[in-house]
Amino acid sequence: MDLIAQISQAAIINQHKQQTLIREYQETSNAGLVYRLGIMGGTFDPIHYGHLVTAESARWEFKLNTVIFIPSGRPPHKAEKCISDAELRYQMTLLATANNPSFIVSRLEIDRPGSSYTVDTVKQMFKDMGHLTDLFFITGADAVLEISTWRDVAELFGLCTLVAATRPGFDLIETKQGFDLPGNLINKIRFIEVPMLAISSTDIRNRVWAGKPVRYLLPESVKDYIKQCLLYQNLECAL
Ligand code: ATP
Ligand code: MG
């Protein structure tokens with residue numbers, strides 16, 4: 001199948017999954033239960049197995065009904081960097097998640113003008129999903145260590161549970177000491193161990209630029225997409 005057909009198919013699958021989410025939400029709330037939704041935000045330039053394994057681990061650990069991937073429009077912490085077009089990052093995320101019925105991709109941040117702040121995204125999801133939803137914001141430990149710099153962090157903690165992915169053997173006590181946050185907030189962060197933490201988009205972009213293999217670091221469909229669209233050929237964007 002050519003790339004365009006593959007992307008259209010992934011987009012249709014994603015639409016079906018969105019309809020299923022709405023139906024399941026209604027069934028869950030009719031049964032008096034709470035819908036458990038994971039949110040995985042990221043630049044996804046490109047999406048890789050670290051992201052996918054983390055989302056899947058969180059889904060299982062927290063019995064999430066669905067994990068929604070939200071590629072960022074313009075991430076505030078990467079404002080100065082050269083980032084691939086949002087539409088390309090969205091399409092790679094669609095391809096990477098197509099074969100998991102519990103993973104959905106949202107255009108929420110891409111279609112929203114201005115910087116993408118996590119708190120605004122979570123607030124929007126809270127509004128869209130209704131109050132019978134428990135939200136879990138999934139992030140890597142590297143991102144969570146900078147959490148005190150995030151906008152309206154206390155409000156964010158009130159809206160969702162923060163799930164932080166750490167490497168197996170990670171020193172949790174030492175990590176917690178690294179947080180510049182009040183103890184009551186730190187104790188609300190839930191940590192999960194994920195085995196793929198060494199993979200990063202930066203490393204993948206570097207490898208593509210240098211002509212090194214990226215196979216097995218990310219789904220084949222994303223690898224082929226990068227090749228066909230000639231992504232990460234420019235040194236400034238690859239680093
Ligand atoms: P970059 O190297 O460009 O910063 P990245 O690999 O860190 O890319 P992002 O899109 O920045 O990917 O990350 C999205 C989210 O996924 C962040 O919360 C980040 O901490 C988390 N994350 C990234 N890589 C991994 C990984 N290998 N395992 C677990 N979480 C990860
Ligand atoms: Mg990152």
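Use the structure listed above.
Below is a short write-up of the structure. Here the residue numbering is sequential within each chain, running from 1 through the sequence in written order. By the order in which they are written, chains take letters starting at A while ligands take numbers starting at 1. Restriction of local features to residues with pLDDT of at least 70 applies here, the model being predicted, together with a cutoff of 80 or more for giving and counting side-chain atom pairs; totals for whole chains, interfaces and linings are based on all residues.

Now for the sheet that holds strand E1 (residues 35-42). For two strands to count as paired, DSSP must find a minimum of two bridges between them. Segments assigned H or I by DSSP are reported as helices when at least four residues long, segments assigned E as strands when at least two residues long, and all are numbered from the N terminus. Pairing in this open sheet of six strands is parallel, and the strands run E3-E2-E1-E4-E5-E6 from one edge to the other. Across the chains shown, the open sheet's two edge strands, defined by having one partner strand only, are strand E3 (103-105) and strand E6 (190-193). Going from strand to strand, the sheet's axes swing by 30 degrees on average, the running direction of each strand aside. Bridging between strand E5 (residues 161-166) and E6 involves four bridges; their strand directions are parallel. Of the residues in E6, the one forming a bridge with Ala164 is Phe191. By definition, residue pairs are in contact when their C-beta atoms, positioned from the backbone, come within 7 Å. Note on geometry: axes are C-alpha line fits, over the in-contact stretch for helices, and angles between N-to-C directions span 0 to 180 degrees. In this fold helix H1 (residues 3-30) packs onto E1, strand E2 (66-71) and E3, with an angle of close to 115 degrees to the strand it touches most, E3. Those strands touched by helix H3 (residues 86-97) are E2 and E3, and its axis lies near 155 degrees from that of E2.

For each residue, a C-beta atom is placed from the backbone, and the residue counts as near a molecule or strand when that atom lies within 6 Å of it. Within the structure, ligand 1 sits among 19 residues, and Gly42, Gly50, Gly140, Ser201 and Thr202 are positioned closest to it. Here the shell around ligand 1 gets three residues from one element, more than from any other, and that element is helix H2 (residues 49-61). Residue classes in the shell around ligand 1 are distributed as seven nonpolar, ten polar and two charged. Following the grouping adopted for this structure description, the nonpolar residues are Ala, Val, Leu, Ile, Met, Phe, Trp, Tyr, Cys and Pro, the charged ones are Asp, Glu, Lys and Arg, and the polar ones are all others, Gly among them.

Expected span, for any helix, means 1.5 Å times one less than how many residues it has. Its twelve residues give helix H4 (residues 118-129) an end-to-end C-alpha distance of 16 Å, which sits within 8% of 16 Å, the value for a rise of 1.5 Å per residue. Those residues of H4 that fall on the buried side of the exposure criterion are Thr118, Thr121, Val122 and Met125. End-on view of H4: buried residues confined to an arc of 95 degrees, all on one side of the axis. Next to the buried residues of H4 lie E1, E2, strand E4 (133-140) and helix H6 (153-159). Exposure criterion: with C-beta atoms placed from backbone coordinates, a residue whose C-beta has 20 or more other C-beta atoms within 10 Å is buried, one with 12 or fewer is exposed, and one in between is partly exposed. Here the arc refers to the set of directions running from the helix axis out to each C-beta atom.

Honestly, it's all geometry; don't read function into it.
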